[in-house]
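Observations on the model geometry
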Amino acid sequence: MASKNKKTFEVQQGETISDCLDRMKKEGYTPVRRFEKPVFTEKVVNGKKEYIPTERKITFEGKKL
């Protein structure tokens, strides 16, 4: 069960990391942990499937101030 004092914030499309951190601060949270996950796209090269990293998903865990 998630704590009431913690919340996760994902960096949205078209938003910078600083924008996300500012949004956290406005909601009364401070970042305590950062997660990065690659997002892959399947591409066929010479008849063989390859998975190419195309972007990354950045999420922060925030703690209530």
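Counting restarts for each chain, with residues numbered from 1 along the sequence as it is written. Selection of residues for local features in this predicted model requires a pLDDT of at least 70, selection of side-chain atom pairs for listing and counting requires 80 or more, and totals for whole chains, interfaces and linings are taken over all residues. Only heavy atoms go into the side-chain values, all of them from the structure, while hydrogens and water stay out.

- The name recorded for the chain in an unreviewed UniProt entry is NETI protein, from Priestia endophytica DSM 13796.

1. What to know about the overall build of the chain
- Helices and strands together make up the secondary structure of the chain, namely 1 helix and 3 strands.
- In this description a helix means any DSSP run of H or I spanning at least four residues, a strand means any run of E spanning at least two, and both kinds are numbered starting from the N terminus. If you list the helices and strands of the chain from N to C, you get β-α-β-β.
- To get the radius of gyration, use the C-alpha atoms; to get the globule rule, take the number of residues to the power 0.38 and multiply by 2.2 Å. Since a compact globule built from 65 residues should have a radius of gyration of about 11 Å, the 16 Å found for the chain marks it as more spread out than a globular shape.
- Summarising its shape, the C-alpha atoms of the chain cover approximately 55 × 30 × 15 Å along the three principal directions.
- Residues count as neighbours in contact if any of their non-hydrogen atoms are within 4.5 Å of one another. Pairs at least 24 residues apart make up 52% of the contacts formed inside the chain by residues separated by at least 6 positions.
- Note that accessible areas follow from Shrake-Rupley with a 1.4 Å probe, and for residues the cover is restricted to the protein chains shown. For the chain, the accessible surface area stands at approximately 5,400 Å², while carbon and sulfur atoms represent 50% of it.
- Positive: Lys, Arg. Negative: Asp, Glu. His and the chain ends are not part of the count. Where a charge lies is defined by one atom per residue type: Lys uses NZ, Arg uses CZ, Asp uses CG and Glu uses CD. Across the chain, 16 positive and 10 negative side-chain charges occur, with their mean positions spaced 6 Å apart.

2. Regarding unusual backbone geometry
- Of note in this structure, Asn46 is not a glycine but carries a positive phi near 55 degrees.
- Looking at where Asn46 falls in the secondary structure, it is placed in the loop between strand S2 (29-45) and strand S3 (48-64).

3. Let's talk about the environment of Phe35
- By the element assignment, Phe35 lies in strand S2.
- Residue exposure (1.4 Å probe, protein chains only): buried if accessible area is under 20% of the type maximum, exposed if over 50%, otherwise partly exposed. Residue class for Phe35 comes out partly exposed when judged on its relative accessible area of 34%.
- Taking C-alpha positions, Phe35 is 8.0 Å from Lys57, a pair spaced 22 residues apart along the chain.
- Setting aside its immediate chain neighbours within four residues, Phe35 contacts Lys57, Ile58, Thr59 and Glu61.

4. Details of the sheet that holds strand S1 (residues 6-10)
- We treat two strands as partners when DSSP finds at least two bridges between them. In space, the 3 strands of this open sheet follow the order S1-S3-S2, with antiparallel pairing throughout. The sheet terminates laterally at S1 and S2, the two strands that pair on one side only. This sheet shows a mean twist of 25 degrees between the axes of neighbouring strands, independent of strand direction.
- In this structure, S2 lies alongside S3, joined through 16 bridges in antiparallel fashion. Paired with Thr30 across the bridge in S3 is Lys63.
- Sheet contacts for helix H1 (residues 17-26): S1, S2 and S3; angle to S3, the most-contacted strand, approximately 30 degrees. Each axis is a line fitted through C-alpha atoms, taken for helices only over the stretch in contact, and angles between the N-to-C directions span 0 to 180 degrees.

5. Things to note about the side chain of Glu61
- Relative to the helices and strands, Glu61 is located in strand S3.
- When near neighbours in sequence (up to four residues on either side) are disregarded, Glu61 contacts Lys6, Lys7, Thr8, Met24, Thr30, Pro31, Val32, Arg33 and Phe35.

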